[in-house]
Amino acid sequence: MRTYWWTRIACALTLVGAMSLSAPGWVAADVNPGDTITKENMAEAGELLIPGIQWFVENGMPIQVTEYKKVNLPKLYAEATEKYSGQVQISADGREMINYVAGLPFPNIDPNDSLAGAKIMWNQEQKPSYVDNVGTEWIMELVNNRGEMERMYGSQFWRRMMWTGRLYTDPKPIVPNNPPMRYTEQFGPLFIPNDLKGAGVLNTRYLPTNIPDDSYLVRSLFQTT
């Protein structure tokens, strides 16, 4: 079973909570652009703070309230959305997206649609920040409920190659493969913690929901101390 679905829903809700303070149309909260929400005055934000964001604010994270600003989609991504979104369909259980090529799969979502939540998550899955190839160095800290860091992982390498929705780098918009893939990615090799130095993960996600991810844990045999 793929466990990423609910993890990504939680991440998306966290982002929505952080962004909602600056979005138009929200009510039942006494906040204005220029305000700073902290644990001392967080009650003023009312229901704008979902439980996950409340925890962060209570533990010292401030939120700067800003004016609403519209962010337009990148040009090629917007053009692909207009060209292909009309043909995209979703399965009855929301777990499979059909006929997707590129761009935003579902630009217009009816809040009353029983599959609205699934469509939002598919938009998150094919967001414009992960269009062709993406990569960065990274450090991840695992913090317990007392705010104590229990473990840290770090690497100078993370790369993801998208196999669908490609707009800038050939081959595009889809890299043919059988079975079709959504993306492949590599985490690592790690430089911390020391007991896992040189380890990395290779992962492949397929389009068909009945094909599980291929994931491999590898470790370099050539390490320095």
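Residues numbered from 1 in each chain as written. Predicted model: local features only at pLDDT ≥ 70, side-chain atom pairs only at ≥ 80, totals over all residues. Heavy atoms only, no water.

Student: Please explain the overall build of the chain as it appears in this structure.
Tutor: Helix and strand content of the chain: 4 helices and 12 strands. The proportion of buried residues among the 225 residues of the chain is 34%. A sequence separation of at least 24 residues applies to 50% of the contacts in the chain between residues at least 6 apart. Only carbon and sulfur atoms are counted for the fraction: they give 57% of the accessible area of the chain, which is about 14,400 Å². (Helix = DSSP H or I, 4+ residues; strand = E, 2+ residues; numbered from the N terminus. Buried < 20%, exposed > 50% of the residue type's maximum accessible area, 1.4 Å probe, protein only. Contact = heavy atoms within 4.5 Å. Areas by Shrake-Rupley, 256 points an atom, 1.4 Å probe, with all protein chains shown as cover.)

Student: Can you help me understand a nonpolar patch on the surface in this one?
Tutor: Together, Trp55, Phe56 and Met61 make up an exposed nonpolar region whose accessible area comes to about 270 Å². Within the secondary structure layout, Trp55 lies in helix 2 (residues 51-58). (Patch = residues over 30% accessible without salt bridge, like charges linked within 9 Å, V, L, I, M, F, W, Y side chains within 5 Å. Salt bridge = Lys/Arg side-chain N within 4 Å of Asp/Glu carboxyl O.)

Student: Help me out: how do you make sense of the layout of surface pockets in this one?
Tutor: Here the idea is plain: a probe the size of a water molecule rolls over the atoms and shows the empty space left. Reported here for the second largest pocket is a volume of approximately 750 Å³. Lining the second largest pocket we find 20 residues, and of these Trp138, Met140, Tyr153, Trp158 and Phe187 sit closest to its centre. Taken together, the elements giving at least two residues each to the lining of the second largest pocket come down to strand 6 (138-143), strand 8 (158-162), strand 9 (181-187), strand 11 (199-206) and strand 12 (214-219). Top contributing element to the lining of the second largest pocket by residue count: strand 11, with 5 residues. Classifying every residue of the lining of the second largest pocket gives 12 nonpolar, 3 polar and 5 charged. (1 Å grid on protein atoms, 1.4 Å probe; cavity = no way out; pocket = protein on both sides within 12 Å on 5 of 7 lines; lining within 4 Å. Points joined across faces, edges and corners; volume = space filled by probe spheres on them. Nonpolar A, V, L, I, M, F, W, Y, C, P; charged D, E, K, R; others polar.)

Student: Would you take a moment to explain the side chain of Arg166 for this structure?
Tutor: With respect to the helices and strands, Arg166 occurs in the loop between strand 8 and strand 9. Despite its burial, Arg166 pairs with no opposite charge, the nearest such side chain being Asp132 at 4.6 Å. Separated by 3.1 Å, the side chains of Arg166 and Asn133 make a polar contact. A polar atom in the side chain of Arg166 sits 3.2 Å from the backbone oxygen of Thr169. Discounting chain neighbours no more than four positions away, the residues touching Arg166 are Val131, Asp132, Asn133, Met161, Pro171, Lys172, Pro173 and Val175. (Lys, Arg positive; Asp, Glu negative; His and termini not counted. Polar contact = N/O pair within 3.5 Å; in protein donor to acceptor, adjacent residues only side chain to side chain.)

Student: Looking at this structure, how should I read the sheet that holds strand 8?
Tutor: Across a sheet, strands are paired by hydrogen bonds formed along the backbone, either parallel or antiparallel in direction. Sheet architecture is open: 5 strands sit in the order 5-8-9-11-12, paired in antiparallel fashion. In the strand order of this sheet, the two ends are held by strand 5 (133-135) and strand 12, each with one partner. Put simply, the sheet's adjacent strands are angled 10° from each other on average, direction ignored. Relative to strand 11, strand 9 runs antiparallel, the two being bridged by 6 bridges. Bridge pairing in strand 11 links Gln186 to Leu202. (Pairing = 2+ DSSP bridges. Axes fitted to C-alpha atoms, helices over the stretch in contact; angles between N-to-C directions.)

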